[in-house]
Amino acid sequence: MGNKNSSKKKNIKRTNRIKNNVKDKSIYIVISKTSTFPSKVIKMWTKEPYAHTSLALDIELNEMYSFARRKLRNPFWCGFIREDITTGVFGRDVDTTCRVARLKVSSNTYKKIVKMLKDFMKHNMDYKYNYLGILGVMFNKAVEREYNYFCSQFVYHVLEKTGADTFDKKPGLVRPEDFRQWDKLELIYEGKLKDYRQYLKDNNITEESDKEYFSECMIKNLEDKAVMVLKEKAAN
């Protein structure tokens, strides 16, 4: 009897572990280019179409975070911020272009990302912009200091620390172009940022419609198999 209970507990734990590893949640990586002077300089230096990277928790980009200027008219006071695509620099620069892509993560990883972002928000004034890091990227030398990040470094740091998929690069050397070229990302939209939410509406794209149906089916099949194994062992 003791062995049967032990086997049952092991199978339940295994099923729960599989549930946590199924990639049934999404986060969104947004790379963009505004008409600000820093953005123009970065674009001119990199020859890339985008100069800024953000991390969003939802497809409508209501919860989007990055390292950027804290005040619209002060490009030198930068740090960790929650971004709004209708206000601030994005709201002012109506010709901002962007590329929105989805990264699938497990429920467990998603929870870790949310928790990490909450910690950033709680101590947001402790975080500073990694200006030296930008210079380091120019010379291919990672400059990584505690509480200091630039935008693409921050996004990659969050992915790396929470166990999400990453590519083989030091956070202090990651550029927006790395996300543009990353084959793990699934493109959702590319165009003017101000038109993004209308694009979602016109194409009936929502958080629910975006979920992959097979994830739920996979979990149910695994649960059914676990139950069958338990029944067979009980019968024996």
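Look above for the structure.
Residues numbered from 1 in each chain as written. Predicted model: local features only at pLDDT ≥ 70, side-chain atom pairs only at ≥ 80, totals over all residues. Heavy atoms only, no water.

Thoughts on the overall build of the protein chain
Now for step 1: When you go through the protein chain residue by residue, the secondary structure sums to nine helices and eight strands.
Now for step 2: For the protein chain, the residues scored as buried account for 42% of the 236 residues in total.
Now for step 3: Within the protein chain, residue pairs in contact and separated by at least 24 positions form 67% of the contacts whose partners lie at least 6 positions apart.
Now for step 4: Looking at the protein chain as shown, the accessible area adds up to about 13,700 Å², and 52% of this sits on carbon and sulfur atoms. (Helix = DSSP H or I, 4+ residues; strand = E, 2+ residues; numbered from the N terminus. Buried < 20%, exposed > 50% of the residue type's maximum accessible area, 1.4 Å probe, protein only. Contact = heavy atoms within 4.5 Å. Areas by Shrake-Rupley, 256 points an atom, 1.4 Å probe, with all protein chains shown as cover.)

Notes on the pattern of salt bridges
Now for step 1: Per the stated rule, a full pass over the model turns up ten salt bridges.
Now for step 2: R175 is the partner of E177 in a salt bridge, and the nearest nitrogen-oxygen pair spans 3.5 Å.
Now for step 3: Notably, a salt bridge pairs D195 with K194, separated by 3.3 Å at the nearest N-O pair. (Salt bridge = Lys/Arg side-chain N within 4 Å of Asp/Glu carboxyl O.)

Observations regarding helix α5 (residues 131-138)
Now for step 1: Turning to α5, its buried residues are G133, G136 and V137. End-on view of α5: buried residues confined to an arc of 100 degrees, all on one side of the axis.
Now for step 2: The first or second residue beyond α5 is N140, which carries a positive phi of 55 degrees. (Arc of directions from axis to C-beta.)

Quick look at the nonpolar core
Now for step 1: Core analysis: the biggest nonpolar cluster contains 34 residues, and I27, F154 and F179 have the highest contact counts within it.
Now for step 2: When contributions to this core are tallied by element, the ones reaching two or more residues are β1 (25-33), β3 (64-71), β4 (74-83), β5 (97-105), α4 (107-122) and α6 (151-162).
Now for step 3: Aside from chain neighbours lying at most four places away, what touches F179 is I29, I31, T53, S152, V155, Y156, L159, F167, V174 and L185. (Core = buried A, V, L, I, M, F, W, Y, C linked by side-chain atoms within 4.5 Å.)

Thoughts on empty space enclosed by the protein
Now for step 1: Under the defined criterion, the tally for this structure stands at two cavities of 30 Å³ or more.
Now for step 2: Approximately 120 Å³ is the volume attributed to the largest cavity.
Now for step 3: Every element with two or more residues in the lining of the largest cavity is listed here: α2 (37-46), α5 and α6.
Now for step 4: Among the elements that make up the lining of the largest cavity, the one with the highest residue count is α2 (three residues). (1 Å grid on protein atoms, 1.4 Å probe; cavity = no way out; pocket = protein on both sides within 12 Å on 5 of 7 lines; lining within 4 Å. Points joined across faces, edges and corners; volume = space filled by probe spheres on them.)

With respect to the side chain of Q153
Now for step 1: Note on placement: Q153 falls in helix α6.
Now for step 2: In this structure Q153 comes out as buried when scored by relative accessible area, which is 2%.
Now for step 3: Residues in contact with Q153, not counting those within four places in the same chain, are N130, V143, E144, N148, P171, G172 and V174.

Observations regarding the packing of aromatic side chains
Now for step 1: Counted under the stated rule, the structure contains 20 aromatic pairs.
Now for step 2: Look at F80 and F154: their rings are 5.5 Å apart centre to centre, the planes differ by 65 degrees, and that puts the pair in the edge-to-face class. Residue F80 is found in strand β4, and its partner F154 is found in helix α6; the two are separated by 74 residues along the sequence. Per residue, the accessibility class of F80 equals that of F154, and both read buried.
Now for step 3: Ring-pair connections join several aromatic residues into one group, and the members of that group are Y65, F67, F80, F120, Y127, Y147, Y149 and F154.
Now for step 4: Note that K25 overlies the ring of Y110, its terminal NZ or CZ placed 4.6 Å from the centroid. (Phe/Tyr/Trp six-rings, centres within 6.5 Å; stacked < 30°, edge-to-face > 60°. Lys NZ or Arg CZ within 6 Å of the ring centre and 35° of its normal.)

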